[in-house]
Amino acid sequence: MPTDSLILEGEALYDYLPHRPPFLFVEWAEVTAEAVRGRYTFQPDEYFFKGHFPQFPVVPAVISLEALGQGGVIWIYSQMPMRHQRPVRKERVFFAKSEEVRMFSPVLPGQTIEFTCTVIDVTKVMVSFDGLVTCDGQKVLRMNEFYLAYEMEKAQ
């Protein structure tokens with residue numbers, strides 16, 4: 001990735017992401033003009049493990065999708081203000097659609113996922129990404145061409 005990247009972790013993520021625990025699935029991110037990479041470790045005491053296959057807990061696939069979406073939100077909050085010369089409206093980034101999702105393998109308690117959201121296209125109201133989630137170097141999930149809609153603050 002290019003050297004001009006933004007590295008975010010811990011509470012620094014809060015400036016670029018409206019999500020908060022227990023529904024925050026990014027603990028580290030690197031943002032460039034073309035993509036965002038991120039990471040999250042699923043602790044054994046995550047709230048969803050108690051009810052999602054309690055005898056063999058696995059991370060719900062939708063949570064891995066959510067991590068990708070949160071990565072896209074970080075990209076939008078960090079990159080779109082430079083393009084539009086004004087900030088993105090707080091809590092106004094929404095999942096719009098995806099063309100294809102494929103799950104390859106489960107993620108277990110204690111494992112760390114890494115994800116990449118690569119920008120495909122940017123419009124005045126939407127950004128499309130290709131998303132990939134891996135764990136221990138193995139492909140976990142791919143979401144092809146997913147779209148996040150956003151609103152900018154009104155021009156002053």
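From a predicted model like this one, the values you see are computed outputs, not experimental measurements. (Residues numbered from 1 in each chain as written. Predicted model: local features only at pLDDT ≥ 70, side-chain atom pairs only at ≥ 80, totals over all residues. Heavy atoms only, no water.)

Undergrad: Tell me about the pattern of salt bridges, residues and numbers included.
TA: Oppositely charged side chains can pair when the atoms bearing their charge come close. On inspection of all chains with the given rule, the structure shows 3 salt bridges. Residue Arg-89 pairs with Glu-151 through a salt bridge whose shortest N-O separation is 2.7 Å. Highlighted residues: Arg-89 in strand E4 (residues 88-103) and Glu-151 in strand E7 (residues 138-152), separated in sequence by 62 residues. For Arg-89, a relative accessible area of 28% puts it in the partly exposed group. Here Glu-151 falls in the partly exposed class, since its relative accessible area comes to 33%. Lys-97 is the salt-bridge partner of Glu-99, the closest N and O atoms lying 3.1 Å from each other. Accessibility expressed as a relative area gives 46% for Glu-99, which makes it partly exposed. Its relative accessible area of 39% is what places Lys-97 among the partly exposed residues. (Salt bridge = Lys/Arg side-chain N within 4 Å of Asp/Glu carboxyl O. Helix = DSSP H or I, 4+ residues; strand = E, 2+ residues; numbered from the N terminus. Buried < 20%, exposed > 50% of the residue type's maximum accessible area, 1.4 Å probe, protein only.)

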